[in-house]
Structure formats: C-alpha cells, structure tokens
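# Overview (structure and organization)
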Amino acid sequence: QKEVEQDPGPLSVPEGAIVSLNCTYSNSAFQYFMWYRQYSRKGPELLMYTYSSGNKEDGRFTAQVDKSSKYISLFIRDSQPSDSATYLCAMSDPFYSGNTPLVFGKGTRLSVIA
Amino acid sequence: GAVVSQHPSWVICKSGTSVKIECRSLDFQATTMFWYRQFPKQSLMLMATSNEGSKATYEQGVEKDKFLINHASLTLSTLTVTSAHPEDSSFYICSAISGGSSYNEQFFGPGTRLTVL
C-alpha cells in the first residue's frame, strides 16, 4: 500500500460547481497536510496547509483533515476555468529526521468547463 | 512568498551527453534543497536531498553517479544528469526550504523539462 493515495482523475466540472478533491494515507505519523496546485509544465505552488485535524478556509478553498480516518479533502467553491490544474496533496511527519521531505499524492487533474 | 528559479526551463540533448540544471533561491537562503522528478501524469518523486556544504542524500533507486548534485552555496544547487539517455527524459523540479515556517514549507521552482534524443 502506498503511503498516500489520490485519484488521478481527470475530473471535469462545469463552471460554478463545488469541487471535492481527496487523499487517503496510511502513515499515522503525518501531522502536516498540504495542497499544492500545479499548472501544466510549471512547478507546484502551495495552496493551503493544515496542521493535525480540522478545517481551514481561504477564500473559495477549504481544506479538511480527518486524522481518525486518515482522510483529507480540498473543496473549491464556485469553481472557475482558471482553477483547471493538477492538485497534489502532500504530507509530512514533523519528527522525521532531517528536513521533513514531503510525501505527495499522484495528483488529480481538474478541468473546469466554462 | 519566497522565489525559486530554475535554469534552463527546457533542454534537448543527444544521448550520452551531460546536462546541468541550476536551482536558485532568489530572495532567501536555503540550507536544504530537494530534487524531484516527475513523469507525465505521475506524482513528484523525490530523488535527493541537498544540504549546503555536504554530500546529497539520495533516495533508494537513484544512481548518485548518474545524478550529480552540488549544493555549493546557500542559494544554489545544481543537478547534473551524466551520460543522459532517453529514459532520463522527464520534468525535473527543485524545491527549497526557507526555514521561516514552522513546518518548513517547500517552495518549488518552475521545473526543467529534459528531452534526451
């Protein structure tokens, strides 16, 4: 079993829809949970991060972490064509020796159709 | 936010040649940089962790003699793909830790697309 599982999609939604992106993980030591957005042929950029369990909201984006279920989600409200990208979840164990390399999911390709 | 640049953004080379990719932190000092490889429709795979002034730590399965990493200063790390072959064609991305966040946020470069003919 891979450490982080993420459905690669692709996921196509109409403009204005609510998008739900999810990842599951197996390592209970993960404490930091991040969502990155990667446009085609570009490096990933951090959208949001959450420490431990709970919700975090930033504009149209909401990140949720359920550590009991080892399940994290990213919700995008009022999705726009400019949201079309690959979304990668990433996690880290703060007690990992060294400088906490991130473990990434495969990424979900999202297309928002105007 | 912190900015990381990579050069070149894309490169095409003949099989058997060596290619050097530079990763720079433009507005912060990065004691640690990471090198990733990403194949089409795949996730980022960590290749190595690069610490300034010391030897890089390679992930299992990554040939250290083929992928030479040098982290000579706090703002520059280089990845040299030696004797490149078509199977080395990929998207190479570096990231750097600024040290300013509690969880050591990684800032990613824009990536370098390598095509080996």
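Shown above is the structure to which this text applies.
The sections below set out a description of the structure shown in this document. (Residues numbered from 1 in each chain as written. Chains lettered and ligands numbered in written order. Predicted model: local features only at pLDDT ≥ 70, side-chain atom pairs only at ≥ 80, totals over all residues. Heavy atoms only, no water.)

## Points about the sheet that holds strand E7 (residues 61-66) of chain A
Residue and element names in this part refer to chain A. Read from one edge to the other, the open sheet built from five strands follows the order E1-E3-E8-E7-E6, with strand pairing classed as antiparallel. Either end of the sheet is taken by a strand with one partner, and the two such strands are strand E1 (4-5) and strand E6 (54-58). Pairing between E7 and strand E8 (residues 71-76): six bridges, direction antiparallel. In the sheet register, Asp66 faces E8, and the bridge partner there is Tyr71. (Pairing = 2+ DSSP bridges. Helix = DSSP H or I, 4+ residues; strand = E, 2+ residues; numbered from the N terminus.)

## With respect to the sheet that holds strand E1 (residues 4-7) of chain B
Residues and elements named next belong to chain B. Ordered in space as E1-E3-E8-E7, the four strands form an open sheet in which the pairing is antiparallel. Each having just a single partner strand, E1 and strand E7 (67-73) make up the two edges of the open sheet. The mean inter-strand angle of the sheet, taken between neighbouring strand axes irrespective of direction, is 15 degrees. Bridge count for strand E3 (residues 19-25) against strand E8 (residues 76-81) is six bridges, and the pairing is antiparallel. Along E8, the bridge assignment pairs Val19 with Val81. (Axes fitted to C-alpha atoms, helices over the stretch in contact; angles between N-to-C directions.)

## Here's the deal with the nonpolar core
Counting 26 residues, the largest nonpolar core has Phe67(B) and Leu114(B) as the members making the most contacts within it. Elements represented by at least two residues in this core include exactly strand E2 (10-13), E3, strand E4 (32-38), strand E5 (45-51), E7, E8, strand E9 (90-97) and strand E11 (112-116) of chain B. The contact partners of Leu114(B), leaving out residues within four places of it in the chain, are Val11(B), Cys13(B), Val19(B), Val81(B), Asp88(B), Ser89(B), Ser90(B) and Tyr92(B). Trp35(A), Ala85(A), Tyr87(A) and Val112(A) belong to the second largest nonpolar core, which has 23 residues in total. (Core = buried A, V, L, I, M, F, W, Y, C linked by side-chain atoms within 4.5 Å. Buried < 20%, exposed > 50% of the residue type's maximum accessible area, 1.4 Å probe, protein only. Contact = heavy atoms within 4.5 Å.)

## A word on the interface of chain A and chain B
Across the contact, 19 residues belong to chain A and 22 residues belong to chain B. Counting the surface lost from both chain A and chain B, the interface buries some 1,700 Å², and carbon and sulfur atoms represent 55% of this. On the surface where chain A and chain B come into contact, there are zero salt bridges. Looking at the side of chain A that touches chain B, the elements that each hand over two or more residues are strand E4 (32-38) and strand E5 (45-51) of chain A. (Buried area = accessible area lost by both parts, 1.4 Å probe. Salt bridge = Lys/Arg side-chain N within 4 Å of Asp/Glu carboxyl O.)

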